[in-house]
Amino acid sequence: MSTLSTSAPARAPRGTVTEGRRRVREKQWPAYVFLSPWMLGAGVLTLLPMAVSLYLSFTDYNLFDPPQWVGLRNYAEMLAGTPATGARSARPCCTSSWPSR
């Protein structure tokens, strides 16, 4: 009987790109070129308005005066149901898209 000596194939050291990976990257760059306008548009048209509305929710803002920082006061008034907003606004079902009674 003979014994076979098996050894692991030599691996490229970390940090070097093997030839197969290089070919894959060369094939992928056109996809990134074509997808970049869509990714940029999603960021500008979705994430930017969300960030601005989050900022404005912490301010006292109207179209004619610059925003004044009020912190969590807007949320406290909403949950407390002040007379200006009415007690109905404290109920979550009235502030969501559910039909009201």
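Residue positions are given per chain, counted from 1 along the sequence in the order it is written. Only residues with pLDDT of 70 or above have their local features reported here, since the model is predicted, and side-chain atom pairs are shown and tallied only from 80 upward, although totals for entire chains, interfaces and linings are computed over all residues. Hydrogens and waters are ignored; side-chain quantities use all the structure's heavy atoms.

**Observations regarding the overall build of the chain**
Right, on to step 1. Think of it this way: any DSSP run of H or I at least four residues long counts as a helix, any run of E at least two long counts as a strand, and we number them from the N terminus. Per the secondary structure count, the chain includes three helices and two strands.
Right, on to step 2. Starting at the N terminus, the α and β elements of the chain follow one another as α-β-β-α-α.
Right, on to step 3. Buried residues are those whose accessible area, probed at 1.4 Å on protein chains only, stays under 20% of the maximum for their type, while exposed residues exceed 50% and partly exposed ones sit between those limits. When burial is assessed residue by residue, the chain has 7% of its 101 residues classed as buried.
Right, on to step 4. Long-range pairs, those at least 24 residues apart, make up 0% of the contacts in the chain with a sequence separation of at least 6. A contact between two residues is defined here by any heavy atoms of the two lying within 4.5 Å.

**Section: the packing of aromatic side chains**
Right, on to step 1. For Phe, Tyr and Trp, where Trp contributes only its six-membered ring, two rings pair if their centres lie within 6.5 Å, and the inter-plane angle classes them as stacked under 30 degrees, edge-to-face over 60, or tilted in between. Going through the model one piece at a time under the given rule, you end up with three aromatic pairs.
Right, on to step 2. With 5.7 Å between their ring centres and 25° between their planes, F58 and W69 make a pair best called stacked. Highlighted residues: F58 in the loop between α1 (19–57) and β1 (59–60) and W69 in strand β2 (residues 68–69), separated in sequence by eleven residues.
Right, on to step 3. Given a relative accessible area of 57%, W69 falls into the exposed group.

**Comments concerning the pattern of salt bridges**
Pairing is possible between side chains that carry opposite charge, provided their charged atoms lie close to one another.
Right, on to step 1. By salt bridge we mean one thing: a side-chain nitrogen of Lys or Arg within 4 Å of a carboxyl oxygen of Asp or Glu. All told, the structure shown has one salt bridge when counted by the stated rule.
Right, on to step 2. One salt bridge in this structure joins R73 and E77, with 3.8 Å as the shortest N-O distance. Placement of the pair is R73 and E77 together in helix α2 (residues 73–80), with a separation of four residues, close to one helical turn.
Right, on to step 3. Given a relative accessible area of 32%, E77 falls into the partly exposed group.

**Concerning a nonpolar patch on the surface**
Right, on to step 1. In this scheme, patches are assembled from residues that exceed 30% relative accessible area and form no salt bridge. Like charges are connected within 9 Å, while nonpolar side chains (Val, Leu, Ile, Met, Phe, Trp, Tyr) are connected within 5 Å. Note on areas: these come from Shrake-Rupley sampling with a 1.4 Å probe, and a residue is covered only by the protein chains present in the view. Residues L40, V44, L45, L48 and V52 make up a contiguous nonpolar surface patch of roughly 500 Å² in combined accessible area.
Right, on to step 2. Within the secondary structure, L45 sits in helix α1.

**A few points about the side chain of T59**
Right, on to step 1. Within the secondary structure, T59 is located in strand β1.
Right, on to step 2. In protein, a polar contact means a hydrogen-donor-capable atom and an acceptor-capable atom, both N or O and within 3.5 Å, with residues adjacent in sequence counting only if both atoms are side-chain atoms; elsewhere, any N or O pair within 3.5 Å suffices. Within the local environment of T59, its side chain forms a polar contact with the backbone oxygen of L56, the two atoms lying 2.9 Å apart.

**Topic: the side chain of S57**
Right, on to step 1. Looking at where S57 falls in the secondary structure, it is placed in helix α1.
Right, on to step 2. Owing to a relative accessible area of 18%, S57 belongs among the buried residues under this scheme.
Right, on to step 3. Among the polar contacts made by the side chain of S57, one reaches the side chain of Y75 at a distance of 2.8 Å.
Right, on to step 4. Setting aside residues up to four positions removed in sequence, S57 forms contacts with G71, N74 and Y75.

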